[in-house]
Amino acid sequence: MLAWARDLRLVVDAFEEKRLVAMRLGEFAGLTVPEASVCDLELTAQWAAFICLLDDRFDRSRVDAHPEEVAALFDRLLAVTTGGAAGPGSGIEQALDDLWRRTAPRMSTQWRERFVADYRDFALATREEAISRTDSVRLGLSDYILRRRRTITALPMADILECTAGAPWPGLPGGEDLMSALRLAAADVAGWTNDLVSAEDDLREDRDNLVTVLGRERGCSLSSAREQVTGMRNDRVRVFHALAASLTALSAPGTERDGVQRYVAALGSFVAATLRWLGVTDRFDARWSLECPGLCD
């Protein structure tokens, strides 16, 4: 993966190379799509690298965080996914172009439309976040939770897993709302767990985080806020599992039932892998344990 990132200039210096290796994204891919081919394991890890490195550039660079810079970058990235060509000077665009060419042709038109819609919403939310930082706007808890669901990039990654896990969105008349709720629960688990392990980094950089937002709104200590967020996250994992059980229990013809089970299992692996990976990755300066006994399986 490091050679791939170097060739496409997704990593631009020794610091980023070292950081990419420390992320252990190969381990994340192995946990997420354990039965995938070597090619699909690599593709999963490379998509995760693209997502993480892009996110880190927004978080670590004051220049890239300006709203107009964010909007311009995502305009170029979205163009890659809608038939445009990657710009010759951008490693980020070149990496996305490579990933898109190896993923989109394998998937349906409906899948491509859903990925583009999910990525566009992520782009809009990231720009909204940049505007809030520029204007020193602090969100309330409910507004932060809604935006975090959109900035975590879990939904685009869930789309990718439809390809690499061989689990496309199943046609399930009457089950669309449950499917959507399952995806949102997965996104919340990923976002809230990410905030738990990145809280110290975010505090140091004066960025909003679910832990600090909850503490500010409820007037409690960071220790208490951290315990409450852990409880919220654990409850959301339970909701995810309840939704998964409801979906797999739905009456459907054999082919549709098999498709639902594959999709639910793929998202379940993604949630479990995220919980485990965020406990071992060196992407964050984390000293807070995840405390999710019995929930990672």
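Here, the structure is the one placed above.
Since this is a predicted model, take the numbers as computed values, not measurements. (Residues numbered from 1 in each chain as written. Predicted model: local features only at pLDDT ≥ 70, side-chain atom pairs only at ≥ 80, totals over all residues. Heavy atoms only, no water.)

(A) Expanded view of the pattern of salt bridges. All chains considered together, the criterion is met by 22 salt bridges. With a closest N to O distance of 2.6 Å, Asp98 and Arg102 form a salt bridge. With Asp98 and Arg102 both in helix H6 (residues 91–103) and four residues apart, the pair spans about one turn of that helix. One salt bridge in this structure joins Glu128 and Arg150, with 3.0 Å as the shortest N-O distance. Of this pair, Glu128 sits in helix H7 (residues 109–134) while Arg150 sits in helix H8 (residues 141–151); the two residues are 22 residues apart in sequence, bridging distant segments of the chain. Each of Arg114, Asp118, Asp159, Glu162 and Arg183 takes part in a single network of salt bridges with overlapping partners. (Salt bridge = Lys/Arg side-chain N within 4 Å of Asp/Glu carboxyl O. Helix = DSSP H or I, 4+ residues; strand = E, 2+ residues; numbered from the N terminus.)

(B) Quick peek at the packing of aromatic side chains. Summed over the entire model, instances satisfying the criterion amount to twelve aromatic pairs. When the centroid spacing of 5.3 Å and the interplanar angle of 90° are considered together, the rings of Phe74 and Phe122 count as edge-to-face. Here Phe122 lies in helix H7 and Phe74 lies in helix H5 (residues 67–81), a separation of 48 residues in the sequence. For Phe74, a relative accessible area of 2% puts it in the buried group. Relative to Trp111, the ring of Trp100 has its centre 5.7 Å away and its plane inclined at 25°; by these criteria the two rings are stacked. Taken together, the positions of Trp100 in helix H6 and Trp111 in helix H7 put the pair eleven residues apart, joining distant regions of the chain. No difference in accessibility class separates Trp100 from Trp111, as the two residues are buried. Ring-pair connections join several aromatic residues into one group, and the members of that group are Trp47, Phe50, Phe74, Trp100, Trp111, Phe115, Tyr119 and Phe122. (Phe/Tyr/Trp six-rings, centres within 6.5 Å; stacked < 30°, edge-to-face > 60°. Buried < 20%, exposed > 50% of the residue type's maximum accessible area, 1.4 Å probe, protein only.)

Honestly, it's all geometry; don't read function into it.
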